[in-house]
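A structural walkthrough
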Amino acid sequence: MVKPIETPTREIKNLDGLWRFLPDTGDVAEPWKAVLPGSLECPVPASYNDIFVPSLREHLGKVWYQRDVRIPRGWSDQRIFIRFDSATHAGEVYIDDTLVVKHIGGYLPFEADLTQKVKPGQQVRITVGVDNTLTNETIPPGQLLTNQYGKKQQKYWHDFFNFAGLHRSVRLFTKPLIAVEDVTVTTDLDGSTGVVNYNVKIAGDARVEVDLLDVDQSAGSSSGAKGSIRVKDAKLWQPGAAYLYTLRVRLYNNSTLDDEYTLPVGIRTVRVEGTQILINNKPFYFTGFGKHEDAPVKGKGHDDAWMVHDFELMKWTGANSFRTSHYPYAEDVLDYADRHGWVVIDETPAVGLNLNIGGGIFGLDFKPTFSEDFANSRTQAAHKQVLRELVQRDKNHPSVVLWCITNEPGSNEDGAREYFEPLVKLTRELDPTRPITYTNLQMVPPETDRIADLFDVIGLNRYFGWYEFVGDFHSAEKKLEAELLEWERRFKRPLLMLEYGTDTVAGLHSTGETPWSEEYQSGFYDLYHRVFDRVEALRGEQVWNFADFATGPGIFRVDGNKKGVFTRDRKPKLAAHTLRKRWLKQ
Ligand code: BDP
């Protein structure tokens, strides 16, 4: 599956906009069979939860989206597809009365071949059921509960609101009968010569011609479904200084062009050596953020204006990288990162594989995470599927330098190794070119973690000075340094601090170490940075979080998580200036 693009042989019709909308209450059987009742309309792309008044934050289960569309008259002799960039967390799609595809997993694309089901020029009704349910067989996992008063509740172990809906674009697109079905590109360096290896999968029989274009000129060419193009004195894709070539694949039947597909290619290498992460053979130090796709009103709906503004703010702080915590972001985000030289840690939605995450803080009874009742072989199968789909979607992005396969699992528990070892192995098979990481939870120090040695890079989330030693920077500093040195001593590989931060109310000020104040957040960062500069194996710092974000109901959070260095509407707190000073070395 390749992303739909327009080329001389391919067309797209975008279906974003207002769709008819119905939260499922069970009153309408088979809602796809007629026009949805009621008058609600919902924008696509957007989370539906915060659009309506009263909000649909409590809605559990399915909602229905529907619209009519005319298949372009000129689309004969083509194959016709519909593609959803995401449906969170499960989608089922009907064309008129017929089910055409079902997909589970809320942050990755899927498509359906409609060629036999629609005719060019015809108007059809598209109905999509989108389900927000999380169970122990979905990634992220969750549990549906009914309390003693009959109230149904969605429980989950991750700290962001379970926004749902059609968060990304919906498109109709064409593919020729003989077509490029997949392209895999890897790049290497041989001195100053760039090596672009490609592998094209095609449907049908055709001659494959491949060109690497540099602006309008050819930088090299090759033929055959698999090959290599060598580029003398290649211009490299560098952090902060992206350079992209275009790989053009053309399929021919004699002299007739059957299909043309193009994709941007950045020539770069990434490698772990000792305690260093090397990009283009040079040590790279990450500065930046763990983020969320989260904004007022739209929730997790992709929006180019918010996206570009976030990138601008990150650039203003002097950051060079971010992590797609805690799920794969819209492809537009990675395309932008490719074009602008951002370095990305690409994360799966496997967050909350830990039943003891709150318990660790509050001293609750231990519950086994890796057991038949929770993270079992079916959870693991869903996790494997997400890895396959993630690597398939993002494998060709030069900005992606590291896969993060899970966030804060119960990695000290029985069964953790058995659960994760096959996933690490699978990721290496899917992509032998990129290193792999995970983020380790504060409550799992190096002495008790059972999986760290499986990974090339160890990601750490630490909140000494917040969840532990709150108001006590002195002890937090000692503890942090001692622990980082222990990770370094035991594992002798790169360490990344992938989360550190404090909840902070914008506008709350204090003269000293008062939790929740802007000065406290800023002082916390100063403390961490002093320690980082004393630990050799520490190869990067990404703060938690870029901006305040929405969370589920609970007394633990006041109007969401406030660890942003920007507010939810993207105004800087004092800490944003503190980071800027450090990262821009001012
Ligand atoms: C970590 C999680 C992150 C939370 C953060 C926090 O990885 O999703 O939002 O802590 O507590 O446990 O703010």
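Predicted model, so just to flag it, every value in this text is computed and none were measured. (Residues numbered from 1 in each chain as written. Predicted model: local features only at pLDDT ≥ 70, side-chain atom pairs only at ≥ 80, totals over all residues. Heavy atoms only, no water.)

A short note on helix α8 (residues 574-583)
An α-helical turn contains 3.6 residues, so a residue and the one three or four places further along point in the same direction. As a reminder, the rule being used: A 1.4 Å probe rolled over the protein chains alone gives each residue an accessible area, and that area as a share of the maximum for its type sets the label: buried under 20%, exposed over 50%, partly exposed in between. Strands are runs of DSSP state E lasting at least two residues, helices are runs of H or I lasting at least four, and both sets are numbered from the N terminus onward. Taken from the helix axis, the directions to the C-beta atoms give the arc we talk about. The contact criterion used is simple: two residues touch if any of their non-hydrogen atoms lie within 4.5 Å.
Those residues of α8 that sit buried are Ala 575, Ala 576, Thr 578, Leu 579 and Trp 583. Burial along α8 is one-sided: seen end-on, the buried residues are contained in an arc of 160°. Where α8 is buried, its residues touch β23 (286-290), α1 (304-317), α7 (518-532) and β30 (538-544).

Concerning the nonpolar core
Note the threshold: Nine residue types can take part in a nonpolar core, namely buried Ala, Val, Leu, Ile, Met, Phe, Trp, Tyr and Cys, and a core is a set of them joined through side-chain atoms within 4.5 Å.
Grouped together as the largest cluster of nonpolar side chains are 83 residues, with contacts concentrated most on Phe 289, Phe 311, Phe 322, Leu 480, Leu 484 and Val 565. If you tally residues by element for this core, the top one is α7, at seven residues. Not counting the four nearest positions on each side in its chain, Leu 484 is found in contact with Leu 460, Leu 495, Met 497, Val 531, Phe 532, Val 535 and Leu 538. If you look at the next biggest cluster of nonpolar residues, it comprises 33 residues, including Leu 15, Phe 52, Trp 75 and Val 170.

What to know about the sheet that holds strand β13 (residues 179-190)
Using the following cut-off: We treat two strands as partners when DSSP finds at least two bridges between them. For helices, the fitted axis covers only the stretch in contact; all axes are lines through C-alpha atoms, and the angles between them, taken along N-to-C directions, range from 0 to 180 degrees.
A sheet is described by the order of its strands in space; here three strands give the open sequence β13-β14-β17, paired in antiparallel fashion. What marks the edges here is a single partner per strand, and that holds for β13 and β17 (226-231). Between one strand axis and the next, the sheet turns through 20° on average, direction left out of account. Two elements, β13 and strand β14 (residues 193-203), share 11 bridges in a ladder whose sense is antiparallel.

A closer look at the sheet that holds strand β3 (residues 41-44)
Read from one edge of the open sheet, six strands run β3-β2-β4-β9-β6-β7, paired in antiparallel fashion. Edge positions in the open sheet fall to β3 and β7 (98-104), since each of these has one partner strand only. Neighbour-to-neighbour, the strand axes of the sheet open up by a mean angle of 30°, direction not taken into account. Of the strand pairs in this sheet, strand β4 (residues 62-70) and strand β9 (residues 123-131) are connected by nine bridges, and their pairing is antiparallel. Paired with Trp 64 across the strands is Gly 129, a residue of β9.

Describing the site of the ligand
Heads up, the rule is: The criterion for a residue being near a molecule or strand is simple. One of its heavy atoms has to lie within 4 Å of it. Within 3.5 Å is the distance limit for a polar contact, defined as a pair of N or O atoms, with the added protein rule that one can donate a hydrogen and the other accept it, and that residues adjacent in sequence qualify only through two side-chain atoms.
The environment of the ligand is formed by 13 residues, the closest being Asp 159, His 326, Glu 408, Tyr 467 and Lys 563. In this structure, Asn 407 approaches the ligand through a side-chain N or O atom, which is 2.9 Å from an oxygen atom.

So, empty space enclosed by the protein
So the rule is basically this: Buriedness for pockets is judged along seven lines, at least five of which must meet protein on both sides within 12 Å for an open set on the 1 Å grid over protein atoms alone, while cavities are sets there where a 1.4 Å probe fits but cannot get out, and lining residues have an atom within 4 Å of a point. Grid points are joined across faces, edges and corners, and a volume is the space filled by probe spheres set on the points. Nonpolar residues are Ala, Val, Leu, Ile, Met, Phe, Trp, Tyr, Cys and Pro. Charged residues are Asp, Glu, Lys and Arg, and all others, Gly as well, are polar.
Summed over the entire model, instances satisfying the criterion amount to two cavities of 30 Å³ or more. Estimated volume of the largest cavity: approximately 220 Å³. Contributing to the lining of the largest cavity are 20 residues, with Lys 291, His 292, Glu 293, Met 307 and Asp 310 lying nearest its centre. Looking at the lining of the largest cavity, the element that brings in the most residues is α1, giving five residues. Its residues assigned to classes, the lining of the largest cavity comprises eight nonpolar, four polar and eight charged. Computed from the structure, the second largest cavity encloses a volume of approximately 30 Å³. Considering the residues around the second largest cavity, the lining is formed by His 103, Ile 104, Gly 105, Gly 106, Tyr 107, Leu 108, Pro 349, Val 386 and Glu 389. Of all the elements in the fold, those that place two or more residues in the lining of the second largest cavity are β7 and α4 (377-394).

Quick word on the side chain of Asn 162
Turning to its location among the elements, Asn 162 is positioned in the loop between β11 (152-156) and β12 (170-175). Here Asn 162 falls in the buried class, since its relative accessible area comes to 6%. Engagement of the side chain of Asn 162 in a polar contact is seen with the backbone oxygen of Asn 132, the distance being 3.2 Å. Ignoring any residue separated from it by four or fewer positions in sequence, one finds Asn 162 in contact with Asn 49, His 89, Asn 132, Leu 134, Gln 154 and Tyr 156.

A closer look at the packing of α4 against helix α5 (residues 416-430)
What counts, and what does not: Angles are sorted into four bins: roughly parallel if under 35 degrees, roughly antiparallel if over 145, roughly perpendicular if 65 to 115, and oblique for all others. For a crossing to be left-handed, the near helix must be turned anticlockwise from the far one by less than a right angle; the clockwise case is right-handed.
Taken N-terminus to C-terminus, the directions of α4 and α5 make an angle of 20°; their axes are 10 Å apart at the nearest point. Classified by the angle their axes make, α4 and α5 are roughly parallel. Of the two possible hands of crossing, α4 and α5 adopt the one that is right-handed. Of the residues in α5, those in contact with Thr 379, Gln 380, His 383, Lys 384, Leu 387, Arg 388 and Val 391 of α4 are Glu 418, Tyr 419, Phe 420, Pro 422, Leu 423, Leu 426, Thr 427 and Leu 430. Class assignment of the residues belonging to the contact of α4 with α5 gives a composition of eight nonpolar, four polar and three charged.

Details of the UniProt feature "domain: Glycosyl hydrolases family 2 sugar binding" (unreviewed entry) in the chain
Rules: UniProt positions are given in the numbering used here, feature names are shortened, and annotations may be inferred rather than shown by experiment.
On the UniProt side, "domain: Glycosyl hydrolases family 2 sugar binding" (unreviewed entry) is annotated at positions that read residues 12-176 here. The span residues 12-176 shows a helical share of 0% and a strand share of 43%, and its end C-alpha atoms are spaced 13 Å apart.

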